[in-house]
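Summary of structural features
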Amino acid sequence: MGEQLVGEVVHVVPPEDLDDYDLEPELETMATDRYVLVCRKGGAPSWIEKLRMFFLREPIEAVTVVAETAASEGEEITATVVETDLAGVYEATHLERVDA
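Residues numbered from 1 in each chain as written. Predicted model: local features only at pLDDT ≥ 70, side-chain atom pairs only at ≥ 80, totals over all residues. Heavy atoms only, no water.

So, about the nonpolar core. Counting residues in hydrophobic clusters, the biggest one holds 15 residues, and the most contacted among them are Leu37, Cys39, Val65, Ile77, Val81 and Leu95. Only strand S1 (3-13), strand S2 (35-41), strand S3 (62-67), strand S4 (76-83) and strand S5 (89-97) provide two or more residues apiece to this core. Leaving out residues up to four positions away in the same chain, Val65 has contacts with Leu5, Tyr35, Val36, Leu37, Cys39, Val81, Tyr90, Ala92 and Leu95. Counting ten residues, the second-largest nonpolar core is a separate cluster that includes Leu18, Leu23, Leu27 and Val36. (Core = buried A, V, L, I, M, F, W, Y, C linked by side-chain atoms within 4.5 Å. Buried < 20%, exposed > 50% of the residue type's maximum accessible area, 1.4 Å probe, protein only. Helix = DSSP H or I, 4+ residues; strand = E, 2+ residues; numbered from the N terminus. Contact = heavy atoms within 4.5 Å.)

Laid out in structure tokens, this is it:
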């Protein structure tokens, strides 16, 4: 069983553009015919959260999700994911676009 992940999509690499990026071989193999979504874990922060993160110097936690479903930059997603052997990389078993 996977875990739930909420994230704001920061960048999308469609399957046809995978060759244009310098991906790790394992990620490239995993992403064949699928989308690579780079997300801000936790979703889009409010202005208050942004200010708090700025003053406390908390970094943004980015994760990579490999999914069958397309998403657009700026959309918030909720996904059921399975962790892979690559740090910060997850495979989506189910993905919903919250902003759709």
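The final tally for this structure, using the stated rule, is one aromatic pair. A ring pair is formed by Phe54 and Phe55, whose centres lie 5.2 Å apart and whose planes are at 75 degrees; its orientation type is edge-to-face. (Phe/Tyr/Trp six-rings, centres within 6.5 Å; stacked < 30°, edge-to-face > 60°.)

The next subject is the environment of Asp17. Here Asp17 shows up in the loop between S1 and helix H1 (25-30). Owing to a relative accessible area of 29%, Asp17 belongs among the partly exposed residues under this scheme.

The next thing to look at is the side chain of Arg34. Counting through the fold element by element, Arg34 comes out in the loop between H1 and S2. At 2.6 Å, the side chain of Arg34 forms a polar contact with the side chain of Glu91. In this structure Arg34 touches Val13, Pro14, Pro15, Leu18, Val66, Ala67, Glu68 and Glu91, once residues within four positions along its chain are discounted. (Polar contact = N/O pair within 3.5 Å; in protein donor to acceptor, adjacent residues only side chain to side chain.)

Two side chains of opposite charge can pair, provided their charged atoms sit close to one another. Scanning all chains against the criterion turns up five salt bridges. Among the ionic pairs, Glu91 bridges to Arg34, the shortest N-O distance being 2.6 Å. Here Arg34 lies in the loop between H1 and S2 and Glu91 lies in strand S5, a separation of 57 residues in the sequence. Judged by relative accessible area, which is 29%, Glu91 ranks as partly exposed. Close ionic contact of Glu58 with Arg52 constitutes a salt bridge, the shortest N to O distance being 3.0 Å. Relative accessible area serves as the criterion here: at 35%, Glu58 is assigned to the partly exposed category. Exposure remark for Arg52: the relative accessible area of 43% places this residue in the partly exposed category. Salt bridges sharing partners connect three or more residues here, namely Arg34, Glu68 and Glu91. (Salt bridge = Lys/Arg side-chain N within 4 Å of Asp/Glu carboxyl O.)

Moving on, we come to the confidence of the model for the protein chain. Residues of the protein chain with pLDDT of at least 70 account for 97%, and the chain-wide mean is 90. Averaged pLDDT values over the elements of the protein chain bottom out at 85 in helix H2 (residues 47-56) and peak at 95 in S3. (pLDDT = per-residue confidence, 0-100.)

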